[in-house]
Amino acid sequence: MSDKEVAYDRRTASAIIHKNACHLYGAIVSPKGDKKSYIDIYDGENTSQEKVLKLRTNTGTGNHIVFAKPVLMRRGLYVYLHTDAEEFTVFWQTITD
């Protein structure tokens, strides 16, 4: 991936998306059926790191966020997917020196 490309990861389970500093551009979360749900996005590689964002869904309706400026994730990017969520997609970019 070049410095200019924004990557995306679409997942159906909690995951480490990136293990180093990166920029977060946005996220999408979809619930299972008519459930309410959410994802938590962490600056790091697990849920013991700093939580940056909780993105909630309404009953049976997905939700998304796109940042006007990218969010600096200093220690990596981890996404926790709640059990009532079906999937999430995050948009991010590697930071190179």
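Preceding block: the structure.
Predicted model only: the values in this text are computed from it and were never measured.

Criteria and thresholds
Note on numbering: residues in each chain are counted from 1, in written sequence order. In keeping with the model being predicted, local features are shown solely for residues with a pLDDT of at least 70 and side-chain atom pairs are shown and tallied solely at 80 or more, while totals for entire chains, interfaces and linings include all residues. Heavy atoms from the whole structure form the basis of all side-chain values; hydrogens and water molecules are not counted. Each helix is a run of H or I in the DSSP string that is no shorter than four residues. Each strand is a run of E no shorter than two, and both are numbered from the N terminus. Residue exposure (1.4 Å probe, protein chains only): buried if accessible area is under 20% of the type maximum, exposed if over 50%, otherwise partly exposed. Here a Phe, Tyr or Trp ring, Trp counted by its six-membered ring, pairs with any other such ring whose centre lies within 6.5 Å, and the pair is stacked when the planes are under 30 degrees apart, edge-to-face when over 60, and tilted otherwise.

**Some points on the environment of Tyr38**
(1) Moving on: With respect to the helices, strands and loops of the structure, Tyr38 is situated in strand β4 (residues 38-43).
(2) Moving on: Looking at Tyr38, the relative accessible area reads 19%, which means it is buried.
(3) Moving on: Once the C-alpha coordinates of Tyr38 and Glu86 are considered, the two residues, 48 residues apart in sequence, prove to be 9.7 Å apart.

**Considerations on the packing of aromatic side chains**
(1) Moving on: Scanning all chains against the criterion turns up three aromatic pairs.
(2) Moving on: Pairing Tyr8 with Phe91 gives two aromatic rings, centres 6.5 Å apart and planes at 45°, and the pair type is tilted. Residue Tyr8 is found in strand β1 (residues 7-11), and its partner Phe91 is found in strand β8 (residues 85-94); the two are separated by 83 residues along the sequence.
(3) Moving on: Note on Tyr8: relative accessible area 58%, which makes it exposed.
(4) Moving on: Ring centres of Tyr42 and Tyr78 lie 6.2 Å apart, and the angle between their planes is 55°; this geometry places the pair in the tilted category. Linking Tyr42 in strand β4 with Tyr78 in strand β7 (residues 77-81), this pair joins segments that are 36 residues apart in sequence.
(5) Moving on: Look at Tyr78 and you get buried, because its relative accessible area is 14%.

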